[in-house]
Amino acid sequence: MRIVIAEDDALLREGLALLLRAEGLDVVATTDSPGPFLTSVGEHRPDVAIVDVRMPPTHTDEGIVAAVEARRRQPGLAVLVLSAYVEQAFATDLLANGSAGLGYLLKERVGRVEEFLDALHRVADGGTAIDPEVVGQLLARSRPDDTLASLSAREREVLALMAEGLGNSAIAERLFVTDGAVHKHIRSIFAKLGLAPDDRADRRVTAVLRYLEK
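Let us look at the structure shown here. Computed from a predicted model, the values in this text were never measured in an experiment.

1. Some details on the overall build of the protein
Secondary structure summary: the protein contains 10 helices and six strands in total. Counting over 214 residues, the protein shows a buried share of 47%. When contacts within the protein are restricted to residue pairs at least 6 apart in sequence, those whose partners lie at least 24 apart make up 64%. Split by element, the accessible area of the protein, about 9,800 Å² in all, is 52% carbon and sulfur.

2. Side note on the packing of helix H1 (residues 10-22) against helix H5 (residues 113-124)
As a packed pair, H1 and H5 sit with axes 12 Å apart at the nearest point and diverge in direction by 80°. Judged by the inter-axis angle, H1 sits roughly perpendicular to H5. Contacts from Leu 16, Leu 19 and Leu 20 of H1 reach H5 at Val 113, Phe 116, Leu 117 and Leu 120. Looking at side-chain class alone, the contact of H1 with H5 contains seven nonpolar, no polar and no charged residues.

3. Focus on the sheet that holds strand S6 (residues 128-130)
Strands sit in the order S2-S1-S3-S4-S5-S6 across an open sheet of six strands; the sheet is parallel. Among the strands making up the open sheet, the edge pair consists of strand S2 (26-31) and S6. Neighbour-to-neighbour, the strand axes of the sheet open up by a mean angle of 20°, direction not taken into account. Each of strand S1 (2-6), S2 and strand S3 (48-52) is contacted by helix H2 (residues 34-44), which is oriented at about 150° to S2, the strand it contacts most. Packed on one face of the sheet, helix H3 (residues 62-73) meets S3, strand S4 (78-83) and strand S5 (102-106) and runs near 180° to S4.

4. Some remarks on the pairing of S3
Burial analysis of S3 places five of its five residues in the buried class, the great majority of the element. Residue alternation in S3 divides its side chains into two sets, Val 48, Ile 50 and Asp 52 and Ala 49 and Val 51, and both sets are buried. Bridge count for S1 against S3 is four bridges, and the pairing is parallel. Counterpart to Ala 6 in the pairing with S3 is Val 51. Note that the unit made of S3, H3 and S4 has a crossover that is right-handed.

5. Describing the pairing of S5
Burial within S5 is extensive, with five of its five residues counted as buried. Burial along S5 is two-sided: the residues Leu 102, Tyr 104 and Leu 106 and Gly 103 and Leu 105 are all buried. The sheet contact formed by S4 and S5 spans five bridges and is parallel. Bridging across to S5, Val 79 finds its partner in Leu 102.

6. Some points on the side chain of Glu 62
In this structure, Glu 62 sits in helix H3. Look at Glu 62: it is buried, it has no salt bridge, and the nearest opposite charge is Arg 54 at 7.5 Å. If near-sequence neighbours (up to four positions away) are discounted, Glu 62 is found in contact with Pro 34, Val 53, Met 55, Pro 56 and Pro 57.

7. Here we look at the environment of Ser 188
Summarising the element assignment, Ser 188 is placed in helix H9 (residues 179-192). On a C-alpha basis, the gap between Ser 188 and Leu 151 in space is 8.4 Å, while along the polypeptide they are 37 residues apart.

8. Description of the side chain of Ser 33
Along the chain, the position of Ser 33 falls in the loop between S2 and H2. Since its relative accessible area comes to 16%, Ser 33 is described here as buried. Excluding anything up to four places from it in sequence, Ser 33 contacts Met 55 and Pro 56.

9. Quick notes on the pattern of salt bridges
Following the criterion strictly, the structure yields 10 salt bridges and no others. Residue Asp 118 pairs with Arg 122 through a salt bridge whose shortest N-O separation is 2.9 Å. With Asp 118 and Arg 122 both in helix H5 and four residues apart, the pair spans about one turn of that helix. Residue classification places Asp 118 among the partly exposed positions, given a relative accessible area of 42%. Exposure remark for Arg 122: the relative accessible area of 23% places this residue in the partly exposed category. Each of Glu 7, Asp 52 and Lys 107 takes part in one network of salt bridges that share partners.

What counts, and where the lines are drawn
- Residues numbered from 1 in each chain as written.
- Predicted model: local features only at pLDDT ≥ 70, side-chain atom pairs only at ≥ 80, totals over all residues.
- Heavy atoms only, no water.
- Helix = DSSP H or I, 4+ residues; strand = E, 2+ residues; numbered from the N terminus.
- Buried < 20%, exposed > 50% of the residue type's maximum accessible area, 1.4 Å probe, protein only.
- Contact = heavy atoms within 4.5 Å.
- Areas by Shrake-Rupley, 256 points an atom, 1.4 Å probe, with all protein chains shown as cover.
- Axes fitted to C-alpha atoms, helices over the stretch in contact; angles between N-to-C directions.
- Parallel < 35°, antiparallel > 145°, perpendicular 65-115°, else oblique.
- Nonpolar A, V, L, I, M, F, W, Y, C, P; charged D, E, K, R; others polar.
- Pairing = 2+ DSSP bridges.
- Right-handed = clockwise from strand over helix to strand, strands pointing away.
- Lys, Arg positive; Asp, Glu negative; His and termini not counted.
- Salt bridge = Lys/Arg side-chain N within 4 Å of Asp/Glu carboxyl O.

Printed below as a string of structure tokens:
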């Protein structure tokens, strides 16, 4: 796995590089700003980019903008975004073209090495990894009159776990229910959100996007 890291905090940037190299992963470049990051992506063609949301010069959303541009230049590039707190721009911008190969973790999660590495590998394999705390905060921001209000408490739990990137079997294990029960809840979620049954994979992504955007 070839990795480029874009993080303006030197201590975190070098710490990530050391951690990943110790795991036998190939960190091909580390950068501290969007321009060098995009140059490194073009030069090294990495499998995964780990990107901080806020980088120079304004420390607002440069990381998100650079990640979107990197995926435009290299379709299929997996991106794991790191942030000190929840950034709504992640849901609306980076996820706009689908959630495959995307992850969003709070920086504090990096210290939980096994969870961080699991999320990294999941994203590299084309999956989705959304920090549970991110999901929780986005859910708390939902307006009481939005379309998600029609979901039952259990359906909202299932959708939150879908947003974390878990498959049906993993959701069933987490909630101590059967795979069939999870499948039933997901069908109900699709129906309540008005998602047509013509493409199950697309509906799953759309449901998660609807959830995150709210």
